[in-house]
Amino acid sequence: MSQKNLIVAFGGVSPEHEVSVLTAIQAISALEESTYNCIPLYVTKSGRWLTGKKLLDLSNYKELSSLEKESISCAFVKDETGKTFLKEQESKGLFSKPKNYPVYAVLCAFHGSEGENGAFQGVCEMMDVPYSGSGVLGSSLGMDKVKAKLVAAANGIPVTKAVNFYESDWEQEQEEILNVAEDFDYPLIVKPVSLGSSIGVAIANDREELINSVETAFRYDAHLLIEEAVNPLMEINCSVIGTPSDCRPSICEKPLGQTETLSFEDKYQSGEGAEKGMASADREIPADISKELTKKIQNLATKTFSALDASGLARLDFLVNANTKEVYFNEINTIPGSFSFYLWDKSDLPFDKLLEELIEIGLKKHREKNGRVRSYETNLLSEKAIKGIKGLKGSKN
Ligand SMILES: Nc1ncnc2c1ncn2[C@@H]1O[C@H](COP(=O)(O)OP(=O)(O)O)[C@@H](O)[C@H]1O
Ligand SMILES: [Mg+2]
């Protein structure tokens, strides 16, 4: 039997580059005993595609520039039969020849930016390889907080009141935007539309703080949101696995932040050490909330997963008013940190089985796509047909 080459794609031009490295290395070690042959596809901070054995060892990432020098640049290519390979484009070492790996499937382990927003998923679609997680639409919806809220609200899922605007709107209609936002009452939350990891997210208690937070957030994104704050806040997250038509929720977790809003530092720089990635952040698992609230959040999680056309695995984050227990959908992470394995292993789905199911969903989607008619034998540009087209050189029309 030929080896099942699983291309583990990670890194990327993203503020969450390092977290993605952790997620990928965790997944590769979980799959050590599996039938997959894991091949790293590391996208550097400047966007180069690299492969090679050195990329499998976390300790080599301490020195990124030497790791880059010792790794091998690579690309997806198709041969004349249409089969896709991860092709090494250079050889390292005197006697080694560049290798070509036939692609069995791709495990997308990026966080943020082009690796998670549908762009890389689009590359996989173009190269016709099976890949894990959400497709192009689900991934891009997940990256845009305004569009995700719109689609969720249209499907009857509760979201917080918000106003969104671009930098040019802010220049021309600042007073109107401030008035709409102030109707929600302080405190207000300012956030960039397409970023993650709490970058640029701030609480404003008055107009001066609001204007300052908006101006700071514009350093990160040209499109912003001002939202009513859920207060007092309890955050509850729930992971979902499956497809829009057939999915199931994990147990719930309650992330425990040290400051009012969970910051980048809370998420990744506290806890028991960097190797654990998102699994090390302070959290309560399962969340110590009532059965009814758990059920309600799990139902909203699967409903939102389907509404946003997500696929594979995602983590859905909810804001709960700690007094009234009202629940609002906040955001979907289509490639959650550490693949949210810590929410599944307590439901009898160990990390390796979780990854295998995630990859199987990608393979099934790919088979279904290729089972449908996608092109036609008839050449509409054949000699005869082209004669009738106006405005072409030589068509005499
Ligand atoms: N409407 C809100 N009310 C209260 N706190 C909020 C609200 N929106 C976000 N937060 C806080 O800010 C944090 C980051 O916001 P979030 O929308 O999750 O952005 P990110 O994609 O950066 O994680 C949340 O985890 C939560 O602590
Ligand atoms: Mg968040």
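Computed from a prediction, not measured in an experiment: that's the story for all the values here.

1. Concerning the site of ligand 1
Next up, step 1: Every one of the 20 residues lining ligand 1 counts as a neighbour, but Lys 145, Lys 191, Ser 198, Glu 227 and Glu 235 are closest to it.
Next up, step 2: Between an oxygen atom of ligand 1 and a main-chain N or O atom of Ser 197, the distance comes to 3.3 Å.
Next up, step 3: Class assignment of the residues belonging to the shell around ligand 1 gives a composition of eight nonpolar, five polar and seven charged.
Next up, step 4: When residues of the shell around ligand 1 are assigned to domains, at least three fall in each of domain 2 (150-156 + 231-354) and domain 3 (161-228).

2. Some words on empty space enclosed by the protein
Next up, step 1: One pass over the structure, following the stated rule, counts two cavities of 30 Å³ or more.
Next up, step 2: When the residues that make up the lining of the largest cavity are grouped by side-chain class, the tally is six nonpolar, three polar and no charged.
Next up, step 3: A volume near 40 Å³ is recorded for the second largest cavity.
Next up, step 4: In this structure, the second largest cavity is lined by Gly 142, Lys 145, Ala 148, Phe 329, Asn 330, Glu 331 and Ile 332.
Next up, step 5: Mapped onto the lining of the second largest cavity, the elements with two or more residues apiece are α6 (145-154) and β16 (327-333).
Next up, step 6: The greatest single-element share of the lining of the second largest cavity, amounting to four residues, is contributed by β16.

3. Here's the deal with unusual backbone geometry
Next up, step 1: Following Asn 231, the chain continues into Pro 232 via a peptide bond in cis, with omega recorded as 0°.
Next up, step 2: On the secondary structure map, Pro 232 appears in the loop between β11 (223-228) and β12 (233-243).
Next up, step 3: In this model, Ile 285 is joined to Pro 286 through a cis peptide bond whose omega is -10°.
Next up, step 4: Within the secondary structure, Pro 286 is located in the loop between β14 (283-284) and α10 (291-307).
Next up, step 5: For Asp 128, which is not glycine, the phi dihedral falls at a positive 60°.
Next up, step 6: By the element assignment, Asp 128 lies in the loop between α4 (119-127) and α5 (136-143).
Next up, step 7: Residue Asp 128 is classed as partly exposed on the basis of its relative accessible area, which comes to 24%.
Next up, step 8: In this model, Ser 340 sits at a positive phi of 50°, which is unusual for a non-glycine residue.

4. Details of the packing of helix α7 (residues 167-182) against helix α8 (residues 207-217)
Next up, step 1: Two elements in contact, α7 and α8, have axes whose closest approach is 12 Å; the angle formed by their N-to-C orientations is 130°. Regarding the angle of α7 to α8, the classification is oblique. The element α7 and its partner α8 pack so that their crossing is right-handed. Here α7 contributes Trp 170, Gln 174, Glu 175, Leu 178, Asn 179, Ala 181 and Glu 182 to the contact with α8, which in turn contributes Arg 207, Leu 210, Ile 211, Val 214 and Glu 215.

5. Observations concerning the side chain of Ser 71
Next up, step 1: Relative to the elements of secondary structure, Ser 71 occurs in the loop between α2 (64-70) and β4 (72-78).
Next up, step 2: The class for Ser 71 is buried, based on a relative accessible area of 1%.
Next up, step 3: There is a polar contact of 2.8 Å between the side chain of Ser 71 and the backbone oxygen of Leu 67.
Next up, step 4: If we skip the residues at most four places from it in the chain, Ser 71 touches Leu 50, Thr 51, Leu 55, Glu 90 and Lys 92.

Reading the values: rules and limits
- Residues numbered from 1 in each chain as written.
- Chains lettered and ligands numbered in written order.
- Predicted model: local features only at pLDDT ≥ 70, side-chain atom pairs only at ≥ 80, totals over all residues.
- Heavy atoms only, no water.
- Near = heavy atom within 4 Å.
- Polar contact = N/O pair within 3.5 Å; in protein donor to acceptor, adjacent residues only side chain to side chain.
- Nonpolar A, V, L, I, M, F, W, Y, C, P; charged D, E, K, R; others polar.
- Domains from an automatic or database assignment.
- 1 Å grid on protein atoms, 1.4 Å probe; cavity = no way out; pocket = protein on both sides within 12 Å on 5 of 7 lines; lining within 4 Å.
- Points joined across faces, edges and corners; volume = space filled by probe spheres on them.
- Helix = DSSP H or I, 4+ residues; strand = E, 2+ residues; numbered from the N terminus.
- Buried < 20%, exposed > 50% of the residue type's maximum accessible area, 1.4 Å probe, protein only.
- Axes fitted to C-alpha atoms, helices over the stretch in contact; angles between N-to-C directions.
- Parallel < 35°, antiparallel > 145°, perpendicular 65-115°, else oblique.
- Left-handed = near helix turned anticlockwise from the far one by under 90°.
- Contact = heavy atoms within 4.5 Å.

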